[in-house]
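# Secondary and tertiary structure notes
One-letter residues, chain by chain:
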Amino acid sequence: MTANLLDFDLEGLAAFCEQLGEKRFRAVQLFRWIHQKGASDFAQMTDLARSLRDKLPAVCTIADLPVLSRQDSADGTIKWLFDVGDGNAVETVFIPEVDRGTLCISSQAGCAVGCRFCSTGHQGFSRNLTTGEILAQLWHAEHFLRRHLQRGERVITNVVMMGMGEPLQNYNALVPALRVMLDDHGYGLSRRRVTVSTSGVVPMIDRLAQDCPVALAVSLHAPVDALRDDLVPLNRKYPIAELLDACLRYLPAAPRDFITFEYCMLDGVNDQPEHARQLLDLLRLHGVRGVPCKINLIPFNPFPDSGLTCSSRASVQRFAQVLTEGGLVTTVRKTRGDDIDAACGQLAGDVLDRTSASQRLARRRQASEHTIRIVQKERQA
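Notes on the structure follow. Note that residues are indexed from 1 along each chain, following the sequence as it is written. Under the rules for a predicted model, residues below a pLDDT of 70 receive no local features and side-chain atom pairs below 80 are neither given nor counted, while totals for whole chains, interfaces and linings still include all residues. To obtain the side-chain values, all non-hydrogen atoms of the structure were used and water was disregarded.

### A closer look at the overall build of the protein
For clarity, the cut-off: Put simply, DSSP marks the helices as runs of H or I at least four residues long and the strands as runs of E at least two long, and each gets a number from the N terminus on. Exposure is judged per residue with a 1.4 Å probe applied to protein chains only, and the accessible area is read against the type maximum: over 50% gives exposed, under 20% gives buried, and values in between give partly exposed. Working rule for contacts: check all heavy atoms of both residues, and any pair within 4.5 Å makes them a contact. Calculation of accessible area relied on Shrake-Rupley with a 1.4 Å probe; when residues are assessed, cover is drawn exclusively from the protein chains displayed.
Regarding its fold elements, the protein presents 13 helices and 14 strands. Burial analysis of the protein (381 residues in total) assigns 59% to the buried set. Put simply, 64% of the contacts in the protein that link residues at least 6 apart link residues at least 24 apart. Here the protein has roughly 15,500 Å² of accessible surface; of this, 48% comes from carbon and sulfur atoms.

Following this line, the structure appears as structure tokens:
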């Protein structure tokens, strides 16, 4: 079986090259060709020794993900639907701004956390993506965008692990992918511009602080355990106090001096002024000095069978006012790509809604599976 070179961070690629009898600098050259130049044909890699170029096709490949569809929004947002096999598909969304380009990436096909407001959770869990499948979303998008926009320099400046899945439940594949994103020989992204969003997998938050600290966003969605138990079932294992303690432990290693808390606004469920006051007290009083944070209020994107509706604009504004007057930096997420069902939105261009792209995917799941079967039949033919 041939190796997929997108599965390797630089250390892994160096070890692979050593197995082939090659020195480390060859791994650096190969790494740059793959990630900086977007090459997939070893014959193009002209500074590699001819003997190595001849050897590589027999033992490895650079495996892109098949594209089932691409949709372009009038506002510049682009959404891809990628085939990850066995009837599964994941979405990746690019959102451009004047001073940045943000890519929202999936980490799993489906999700096992089962949050009430998340369509992916209702869909269920299929499998973890490999490191190569996580990175292929960035690799494909970056080099497509350079050609599409006719730009020679890097287009994607920010990556958010907020697509389908719980990234920290796919930790072993996630961390090598993050390292490639950060590596100067790879995509050279700043730690401040790579964000992992989690529903609160406490042990993995602690591990991430040690292994590869990047910006952290936490899906909070409730100010008290009883309500969060209902909305985010993982809270029954890692209640709010334990989660906030983990956030405080993470901060010394983090590239930013705050944690982003995401809060999905659900009409009559978690959006009342009393909830805002409870949230304010929770974050100001936890620990010795409270939890340094920013709050991102997310208008809910309704989907069938959720039994939930989005809070009114007035309720969202009233909620935000309570938090702002209490001294918490608070934003309300704006949406992008509405005309292509890619309304992920963003927080200052850095943070995307980790559920909304997958909500549209779930509604089209049957259509996607049908498309995959057609593609497979065409390949066989």
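### What about the packing of helix α1 (residues 10-19) against helix α2 (residues 24-35)?
Where we set the bar: Axis geometry follows a simple rule: fit a line to the C-alpha atoms, using only the stretch in contact for helices, then measure angles between N-to-C directions, giving values from 0 to 180 degrees. The labels follow the angle: roughly parallel below 35 degrees, roughly antiparallel above 145, roughly perpendicular from 65 to 115, and oblique for the rest. We call a crossing left-handed when the near helix sits turned anticlockwise from the far one by less than a right angle, and right-handed when that turn is clockwise. Three classes are used: nonpolar for Ala, Val, Leu, Ile, Met, Phe, Trp, Tyr, Cys and Pro, charged for Asp, Glu, Lys and Arg, and polar for all others, with Gly counted as polar.
Packing of α1 against α2 brings their axes to within 8 Å, and their N-to-C directions diverge by 125°. Our classification of the angle between α1 and α2 gives oblique. In this structure, α1 crosses over α2, and the sense of that crossing is right-handed. On the side of α1, the interface is formed by Leu 10, Glu 11, Leu 13, Ala 14 and Cys 17, while α2 contributes Arg 24, Ala 27, Val 28, Leu 30 and Phe 31. For the contact of α1 with α2, the residue count by class is eight nonpolar, no polar and two charged.

### Section: the packing of aromatic side chains
The line we're drawing: Under the pairing criterion, centres of Phe, Tyr and Trp rings, with the six-membered ring standing for Trp, must be within 6.5 Å; the plane angle then separates stacked pairs below 30 degrees from edge-to-face pairs above 60, leaving the rest tilted.
Following the criterion strictly, the structure yields four aromatic pairs and no others. For the ring pair Tyr 263 and Phe 319, a centre distance of 5.0 Å and an interplane angle of 35° mean the geometry is tilted. Taken together, the positions of Tyr 263 in strand β12 (residues 259-265) and Phe 319 in helix α11 (residues 313-325) put the pair 56 residues apart, joining distant regions of the chain. This pair shows no difference in class: Tyr 263 is buried, exactly as Phe 319 is. Summarising the aromatic geometry, the rings of Phe 300 and Phe 303 are spaced 6.1 Å apart at their centres and angled 65° between planes, so their arrangement reads as edge-to-face.

### Some points on the side chain of Asp 183
Stated precisely, the cut-off is as follows: When charges are counted, Lys and Arg contribute as positive and Asp and Glu as negative, whereas His and the chain ends are disregarded. Here, a salt bridge means any Lys or Arg side-chain nitrogen found within 4 Å of an Asp or Glu carboxyl oxygen.
You can see Asp 183 is positioned in the loop between α6 (171-182) and β10 (194-198). Arg 24 is the oppositely charged side chain nearest to the buried, salt-bridge-free Asp 183, at an N-O distance of 6.7 Å. Apart from the residues lying within four places of it in its own chain, the contact partners of Asp 183 are Leu 10, Phe 31 and Gly 188.

### Considerations on the pattern of salt bridges
Side-chain pairing between opposite charges can occur once the charged atoms of the two side chains come close. All chains considered together, the criterion is met by 16 salt bridges. The salt bridge involving Arg 179 is made with Asp 9; its shortest N-O contact spans 4.0 Å. Taken together, the residues Arg 179 in helix α6 and Asp 9 in the loop between β1 (3-4) and α1 connect sequence positions 170 residues apart. Asp 206 is paired through a salt bridge with Arg 249; the nearest N and O atoms lie 2.9 Å apart. One end of the pair, Asp 206, is in helix α7 (residues 202-211); the other, Arg 249, is in helix α9 (residues 240-250), and 43 residues separate them in sequence. Residue classification places Arg 249 among the partly exposed positions, given a relative accessible area of 45%.

### Observations regarding the pairing of β10
The cut-off we apply is this: Two strands are counted as paired when DSSP detects at least two bridges linking them. Every crossover in which the path from the first strand over the helix to the second runs clockwise, viewed with the strands pointing away from the viewer, is termed right-handed.
With respect to burial, β10 is a largely interior element, five of its five residues being buried. Every second residue of β10 is oriented toward a common face, with Val 194, Val 196 and Thr 198 on one face and Thr 195 and Ser 197 on the other, all of them buried. Of the pairings in the sheet, the one linking strand β9 (residues 158-161) to β10 comprises three bridges and is parallel in character. Its bridge partner being in β10, Met 161 is matched across the sheet by Val 196. At this point the chain moves from β9, through α6, to the parallel β10, and the crossover so formed is right-handed. Of the pairings in the sheet, the one linking β10 to strand β11 (residues 215-219) comprises four bridges and is parallel in character. Paired with Thr 195 across the two strands is Ala 215, which belongs to β11.

### A word on the sheet that holds strand β3 (residues 67-72)
Taken together, ten strands build an open sheet; the order of strands is β3-β4-β5-β6-β9-β10-β11-β12-β13-β14 and the sheet is mixed. What marks the edges here is a single partner per strand, and that holds for β3 and β14 (329-332). Within the sheet, the average angular offset between the axes of one strand and its neighbour, ignoring direction, is 20°.

### Description of α1
As a reminder of what qualifies: The arc in question is formed by the directions pointing from the helix axis toward the C-beta atoms.
If you check which residues of α1 are buried, you get Leu 10, Leu 13, Ala 14, Phe 16 and Cys 17. Seen end-on, α1 carries its buried residues on one side only, within an arc spanning 160°. Away from its buried face, by an angle of more than 90 degrees, α1 presents the exposed residues Glu 11, Glu 18 and Gln 19. Packing partners of the buried residues in α1 comprise β1, α2, α3 (50-59) and β2 (60-61). Count one or two residues on from α1 and you reach Gly 21, which has phi positive near 80°.

Purely geometric stuff here, so don't read any function into it on its own.
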